[in-house]
Amino acid sequence: EESMRQLERGIQSGTLCFHFENLYRRKPGLSLNCARLPENMDKNRYKDVLPYDATRVVLQGQEDYVNASHITVAPPVSGVRLCYVAAQGPLPQTCTQFWQTVWEQQTHTIIMLTTLTERGRTKCHQYWPHPPEVKDYGHMRVKCHSEECNLAYVTRHFTLTHTKRGEERAVTHLQYVAWPDHGVPDDPSDFLLFVSSVRERRKGEEPLMVHCSAGIGRTGVLITMETALTRLDKGQPVFPLDIVKTLRDQRAMMVQTTCQFQFVCEAILQVYKEKQEGSKAP
Ligand code: PTR
Ligand code: PTR
């Protein structure tokens, strides 16, 4: 595969990382006005990580702001689009908006890529109750039924009830715990296993909710990885830099550091090579 040979050369020569560093972090010409309104500033965890007006998730009702962006990746030939909502880790004062987003965007899966604290600093508010408790966030009632851990991630099962409408839905929570911000996952194989369990949750074009602390670094890596694996499965060429550009056109700064980009590129190549070995085996 030509794109994989290019990828390997690009990693070895360092040109891929060079181009990554020269890619714009924010698409020129896109405004951030709603995120910057005085009444919305305390809904942003980081003052420098804001959604574009063009792709922000607009909530129903008067207060329509949440720090979250719609992300859509075009399908490979004969596939469906990959849809996501990329969000910041909720703050104590934005848990209601977070659950409202889950409800209104009709997502049944939340992917969390951060722990609640890292090196003594808060990265995300715990926006769910401990099992078997129930907690209300505005009109959203969340019940946590179960919590199971394996080596790299925690799976939780929630029931989300819209108390005004009396409707309920099952939501699954997958939390990857071995990945500090600005860094890369501790173990690429664990991470790849996690990405495959994420992929198993896909139902057509239903969006997955993905968040970390800022909703750009680790969230960008996960989306780039799932996109690349989906293309590899379909035998389509994979150009990681193009994927990152597509993401940054929808949410600024997706894939935050050069190390993260290098990590994704190497992981893609590793998967490709394992597939090749697999198909050569008798
Ligand atoms: N601080 C981030 C970065 O370095 O890319 C994002 C950012 C970039 C934020 C530019 C604001 C920027 O400028 P302005 O507020 O003038 O649009
Ligand atoms: N201003 C913050 C910082 O640079 O620390 C913003 C920030 C925080 C950016 C975390 C990225 C972060 O990582 P992630 O998107 O993976 O949570």
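See above for the structure.
Calculation rules
- Residues numbered from 1 in each chain as written.
- Chains lettered and ligands numbered in written order.
- Predicted model: local features only at pLDDT ≥ 70, side-chain atom pairs only at ≥ 80, totals over all residues.
- Heavy atoms only, no water.
- Pairing = 2+ DSSP bridges.
- Helix = DSSP H or I, 4+ residues; strand = E, 2+ residues; numbered from the N terminus.
- Axes fitted to C-alpha atoms, helices over the stretch in contact; angles between N-to-C directions.
- Contact = heavy atoms within 4.5 Å.
- Near = heavy atom within 4 Å.
- Polar contact = N/O pair within 3.5 Å; in protein donor to acceptor, adjacent residues only side chain to side chain.
- Nonpolar A, V, L, I, M, F, W, Y, C, P; charged D, E, K, R; others polar.
- Expected span 1.5 Å × (residues − 1).
- Buried < 20%, exposed > 50% of the residue type's maximum accessible area, 1.4 Å probe, protein only.

Peer 1: Whenever I open this one, the sheet that holds strand β2 (residues 82-87) confuses me. Can you help?
Peer 2: Adjacent strands of a sheet pair through backbone hydrogen bonds, lying either parallel or antiparallel. One open sheet holds the 8 strands; their spatial order is β1-β2-β10-β3-β9-β8-β7-β6, and the pairing between them is mixed. The open sheet is flanked by β1 (68-73) and β6 (134-137), the only strands paired with a single partner. Across this sheet, the average inter-strand angle for adjacent strands is 25°, counted without regard to direction. The sheet contact formed by strand β7 (residues 140-149) and strand β8 (residues 153-162) spans 9 bridges and is antiparallel. Looking at the pairing, E148 lines up with T155 of β8. Against the sheet, helix α3 (residues 95-104) engages β2, β3 (109-112), β6, β7, β8, β9 (167-176) and β10 (208-211), with an angle of about 85° to β8. Those strands touched by helix α5 (residues 217-233) are β1, β2, β3 and β10, and its axis lies near 175° from that of β2.

Peer 1: Got a minute to help me understand the site of ligand 1 in this structure?
Peer 2: If you check the shell around ligand 1, you find R25, R26, R36 and M253 and nothing else. Note that an oxygen atom of ligand 1 is positioned 3.0 Å from one of the side-chain N or O atoms of R25. Here the shell around ligand 1 is composed, by residue class, of 1 nonpolar, no polar and 3 charged.

Peer 1: Teacher, can you tell me more about helix α7 (residues 258-280) here?
Peer 2: In an α-helix, one turn spans 3.6 residues; hence positions three or four apart end up facing the same way. Between the first and last C-alpha of α7 there are 33 Å, a value that for 23 residues agrees with the 33 Å anticipated at 1.5 Å per step. The set of residues buried in α7 consists of Q260, F261, F263, V264, C265, A267, I268, L269, V271 and Y272. For α7, the elements touching its buried residues are α1 (2-13), α2 (15-22), α4 (188-200), α5 and α6 (240-248).

Peer 1: What's the story with the site of ligand 2 in this structure? I'm lost.
Peer 2: As a matter of local geometry, ligand 2 sits amid 13 residues, with S213, A214, I216, G217 and R218 nearest to it. Between G215 and ligand 2, the recorded distance is 3.4 Å, taken from a backbone N or O atom to an oxygen atom. Side-chain polar atom of R218 to an oxygen atom of ligand 2: 2.8 Å apart, as the coordinates give it. Here the shell around ligand 2 is composed, by residue class, of 5 nonpolar, 5 polar and 3 charged.

Note that every value here comes from positions in space, so none of it alone points to a role or purpose.
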